[in-house]
Amino acid sequence: MQAFDYHPVTSVSEAVALLAQGASGACLLNGGTDLLAQLKEGRRTANHVVDLKRIPELAEFRLPPEGGAWVGAAVTCRTLSRQAGWRNRFPGLHDATHLIGGVQIQGRATVAGNLCNASPAADSVPALVVHGARVHLAGPAGRRIVPVAGFCIAPGRTILARDEMVVAIEIPPLPAEFGAAYLRFTPRNEMDIAVAGAAVAVDLDGEGSHYRSVRVALGAVGPTVIEVERITARLAGRPVAEVSFDEIAALARAAARPITDMRGTSAQRQHLAGVLTVRALRLAISRARRTQAASPTGDYL
Amino acid sequence: MPSLSASPDGSVAPALRVVGTRPVRPDGIDKVTGRALYGADITLPGLLTGRVLRSPLAHARIVRVDTSAARALPGLKAVVTAADLPPAPDRIEDLGEGAIDLRYLSDNLLAREKVLYHGHAIAAVAASTPEIAEQALALIRVEFEPLPPVMTASAAMKPDAPLLHAGLKTDRMGQRDAAPSNVASQLRHERGNLDDGFRRAAVVIDRRFRTETVHQGYIEPQASTAHVQADGQITIWTSTQGTFAVRSQVAEVLGLPVSRIKVVPTEIGGGFGGKISVYLEPLAVLLSRHAGFVPVRLVMSRTEVLTSTGPTSGSDLRIRIGADTSGKLVAMQAELYYEAGAYPGSPVGAAAVVSFAPYVCEAMRVDGYDVVVNRPRASAYRAPGGTNVAFAVESVIDELAESLDLDPIEMRLINAVREGDRRPDNLPLARIGYVECLQALRQSEHYRTPLTGRHRGRGVACGYWGNWGGQSSATAILNPDGSVSFNVASTDIGGSRASLAMQLAESLGIDYAQVKPRIGDTDSVSYNDVTGGSRTTFATGWAAYDLGQKLAAEMTARLAQRWEVAPESILRAGGGFASGDRRVDFAEASKLVCEDAPLMVSTTVHPKGYGAAFSVQCADVEVDPDTGKVTVLRYTIVQDAGKAVHPSYVEGQMQGGVAQGIGWALNEEYVYNEKGELLNGSLLDYRMPTACDLPMIDTIIVEVPNPGHPYGVRGVGEVNIIPPAGTLANAIHRATGVRLTALPMSPPRVLAALWEKSGYRP
């Protein structure tokens, strides 16, 4: 790792100004779980490292009374897991933030960082997409808000301008009969990267017998997260019992555009897109009906 | 005299007071509190940081190496390339766990004319800071002429395959071929008439198998520090399995007398055979001298460990076995193609012996081929070569048992070798405990409990390993307070300080706490072979026993003189000495003896009666039919330890070997692209199991004493890695109906096999 200047800034405007001055040689440091490894392994270089953790605005976490959540960019996964209400209100997001790394990594890692790293296999991004999350950005020209879906444009690339940064992720209020789940497949039970992942969110009618709406997002089966709109269209308003899981799995497989690499084969990933979608859908439905424990992964709190 | 009791086989053996107990290891507290000093912890005044430039290409001619820009960098103290190595000696050195041609060893340290794998070292630098050393590497210009890589044994053996070594000609049992080839050697073991045997068979199973390159995965990367002093004396601190092996390799490749080199062992964070060959030590010595006689430390990154140190061979295997209707094996044939990596020296020789060793069969032929490919040079890995071939053989035996409707343990009992039976190389086996292990598994709670549930299956496999004796030296110093300082040169990779001190305590009749073991450097203890081949607790244990006998004899002689009695009149009991009504305990005797003169005894042993080891294993698995993921639900190991000196550490060896074997079987593999670049050179993507992936591994220790050791000890370190892949393959077959014939049996491979069976098209 080569030497760099370290800037522990305390405001968003300071950070944006440094980004604008530093051009391509400036990197933002949040939890550092990706950045430090990249710098040490020479996969990335930096002349300036701008540490965001001291910016009060970025540490904010709110659960507004009208529903939804405000997650400042520097809020760690561990902080989220420990918030009363996070797991029950946002079970799909909790699945993801709970899966990322071990307890020590979760104590540093942030959802905003996971999003900005733009890995096709990022665990939190499919879950953010199905929750309809929005990203609040800051740049020299002011602030703007964009949906999470579409934020990543290629592996390692986002729509962020060079002098822009994420301030917070906002999750909109959710309906009452909402359930969600995120599942991934890894050969090892821990310390592994998703070979494929699927997040599903459902809104059921009052009886829990019909889909009002469904969103499905697949991870690690394309250069960016893939939202399966054909499942959304097929299931909206239909009775849960009407559409077979086999048909839903086939729609998920058809949407996947995986590659073969060291972590898995294309055929395996395509198949897993269907398997994980159905498993996550069943879990989301049971959560919407409040019939099953919120997390399949256990809890280490 | 020590009391006597009858052992289970009817012979009379002394009751043991220390051997067989479970005391705390001498190095334990330092290790769990982080105080133990490992290779990278060595620090010295003025220490420089070294770094190594490695090849990005798998196969290329080196046209030119230009180090001038690097040399001009301020803060850079030394740069070395192959030009700084003396001409390579063309000689073979036996390292215990495999012989090595010094020419190849030298060429592997720093590439001369060609780079032969991604990660092959080309140059090394030393600088005042790591940052400067890294900058210097970036300034070294290497001009390559790329050559097509040869990545597998089958590709390397094609008639038009590019040659790695222009001068390499196949050695066929002493006869050299005329034309060069990537096949370094071929060996054959044969007995009986194979064709007649197969003609008598009621069932013949003939299968081909493939296994991938895997790494030992020791958690401590290679780390070496060298200091060449102005008078030419050299000290090397290094994490190694054998200080004398390091000394001789460094002496040979640098053309130095061994007397100028002292090797000091650090604590070692795992080796498993991978820390015998040198990688960094000669470079650190060269850099220290070129930098002006200042110490230089080299520590590998994890990626360097994976790309550039010896993993073990991938292999292509063909196994053909015939049995008659009773299940008796009538013909066994194996063709073994082992990938040696960039230089000859795969463990195919050991594999050829392991292959059919557990089975009695009159008609047998084993052909082994040592094939060079553009991968890192293979080095020993726990029972080198055994896991590959046993995966294949145990799968075929299981298939035979199934087709004959025989229980897998019964199938093995019908054909089990016993004392006097011959291995595939026709050497006879001494007293072994294989049948006892099979019987113990059959009677175990695990095997007697039926497995229920969908997608679940139980597998059984066995393994043989020959073990090794080798040479060991040790000294014991008697202290006047009755303690004994115990110097050994066997580096401790598996709790051997405890197991050796226990044997010395047993031999002297004193308590374990009275023995203070210490691992000495090459100037303080006489020659000692590497810790490897499961030999240390056996052979250095022999030395410990012998030291105890010598020390007691000398104490007896001195007391006899003092008491003016005949030495024969002195009796020993509970560590003490008695003659007539005179009686002293060991501490009192020590005080008296040390008043006369200091007492130190030394010994060197070369015991030949190392007994063979057998392990029999049973696993229950569940296979997720939707994802292909295999979960190991339950695992039991039965092993003949001869005599378990420290049962907890024997159990640890059993569980450790199986943990590595499960990783090898299910997920570990080197993944290369078509250019021969290693894609998964990190512990994130080289998927060794973590604690979350393994069940509790149950152990059953069988003790059939080895007649070649005073306490009946057999080596226990290696054999347990041999059966797991076969055990799991057989369990997966019984869970799913499909036979996996390639390792690793990873989720995509299991899925593909399930799809092929069901006709599903993804």
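All of these numbers come straight from a predicted model, not from anything done at the bench. (Residues numbered from 1 in each chain as written. Chains lettered and ligands numbered in written order. Predicted model: local features only at pLDDT ≥ 70, side-chain atom pairs only at ≥ 80, totals over all residues. Heavy atoms only, no water.)

Enquirer: Help me out: how do you make sense of the overall build of chain B in this one?
Expert: Within chain B one finds 20 helices and 32 strands. Taking 2.2 N^0.38 as the reference for a compact globule, 762 residues should give roughly 27 Å; the C-alpha atoms of chain B span a radius of gyration of 27 Å, in line with that estimate. Projected onto its principal axes, the C-alpha positions of chain B cover 90 × 75 × 50 Å. Sorting the 762 residues of chain B into buried and exposed places 62% on the buried side. Across chain B, contacts joining residues at least 24 apart in sequence account for 79% of those joining residues at least 6 apart. Accessible surface for chain B amounts to roughly 27600 Å². Of this, 52% is attributable to carbon and sulfur atoms. (Helix = DSSP H or I, 4+ residues; strand = E, 2+ residues; numbered from the N terminus. Rg over C-alpha atoms; globule rule 2.2 N^0.38 Å. Buried < 20%, exposed > 50% of the residue type's maximum accessible area, 1.4 Å probe, protein only. Contact = heavy atoms within 4.5 Å. Areas by Shrake-Rupley, 256 points an atom, 1.4 Å probe, with all protein chains shown as cover.)

Enquirer: Explanation requested: the packing of aromatic side chains in the structure shown.
Expert: The way to describe two aromatic rings as a pair is by their centre distance and the angle between their planes. Here the structure, examined in full by the defined rule, presents 16 aromatic pairs over all chains. Between Y104 of chain B and Y343 of chain B the ring centres are 5.4 Å apart and the planes differ by 40°, which places this aromatic pair in the tilted class. Of this pair, Y104 of chain B sits in helix α3 (residues 102–109) while Y343 of chain B is found in the loop between β20 (329–341) and α10 (348–354), placing the two residues 239 residues apart along the sequence. Neither Y104 of chain B nor Y343 of chain B differs from the other in exposure class; each is buried. When the ring of Y545 of chain B is compared with that of Y711 of chain B, the centres are 5.6 Å apart and the planes differ by 85°; the resulting orientation is edge-to-face. Here the residue Y545 of chain B occupies a position in helix α16 (residues 536–563), and Y711 of chain B occupies one in the loop between β32 (697–702) and α19 (724–736), the gap between them amounting to 166 residues. Residue class for Y545 of chain B comes out partly exposed when judged on its relative accessible area of 22%. Among the aromatic residues, those joined into a cluster by ring pairs are F61, W86 and F90 of chain A. Here R320 of chain B stacks its cationic end above the ring of F198 of chain B, 3.7 Å away from the centre of that ring. (Phe/Tyr/Trp six-rings, centres within 6.5 Å; stacked < 30°, edge-to-face > 60°. Lys NZ or Arg CZ within 6 Å of the ring centre and 35° of its normal.)

Enquirer: Help me understand the sheet that holds strand β12 (residues 175–180) of chain B in this model?
Expert: The pairing of strands in a sheet comes from backbone hydrogen bonds and takes either a parallel or an antiparallel form. Residues and elements named next belong to chain B. With mixed pairing, the seven strands of this open sheet are ordered in space as β12-β11-β13-β21-β20-β19-β14. Only two strands of the sheet have a single neighbouring strand rather than two, namely β12 and β14 (203–211). Going from strand to strand, the sheet's axes swing by 10° on average, the running direction of each strand aside. As paired elements, strand β11 (residues 169–172) and strand β13 (residues 183–191) share two bridges and run parallel to each other. Bridge pairing links R172 to Q186 in β13. Sheet contacts for helix α11 (residues 386–403): β14, β19 (315–323) and β20; angle to β14, the most-contacted strand, approximately 150°. (Pairing = 2+ DSSP bridges. Axes fitted to C-alpha atoms, helices over the stretch in contact; angles between N-to-C directions.)

Enquirer: I keep staring at the interface of chain B and chain A and nothing clicks. Help me out?
Expert: Many analyses report the size of an interface as the accessible area lost when the parts associate. Contact residues are listed per partner, giving 27 residues for chain B and 22 residues for chain A. Here chain B packs against chain A, burying approximately 2300 Å² in sum over the two surfaces, 54% of which is carbon and sulfur. Interface area lost by chain B to chain A is led by K629, L684 and R687 of chain B, which between them contribute 25%. In this structure, the connection of chain B to chain A is made through four salt bridges. Here R279 of chain A and D626 of chain B are joined by a salt bridge, their closest N and O atoms 3.3 Å apart. Our count for the contact surface shared by chain B and chain A stands at 14 residue pairs in polar contact (both at pLDDT 80 or more). The set of elements that each furnish at least two residues to the side of chain B that touches chain A consists of α4 (130–139) and α20 (747–758) of chain B. By residue number, the principal contributor to the side of chain B that touches chain A is α20 of chain B, which donates four residues. (Buried area = accessible area lost by both parts, 1.4 Å probe. Salt bridge = Lys/Arg side-chain N within 4 Å of Asp/Glu carboxyl O. Polar contact = N/O pair within 3.5 Å; in protein donor to acceptor, adjacent residues only side chain to side chain.)

Enquirer: I would appreciate a short explanation of the environment of G466 of chain B in the present structure.
Expert: All names here are of chain B. The topology assignment puts G466 in the loop between β22 (456–465) and β23 (472–478). Classification of G466 as buried rests on a relative accessible area of 17%. Placed 295 residues apart in sequence, G466 and R761 show a C-alpha to C-alpha distance of 46 Å. Residues contacting G466, with those up to four places away along its chain left out, are R423, Y610, G611 and A612.

Remember that the coordinates give geometry; whether it matters functionally is a separate question.
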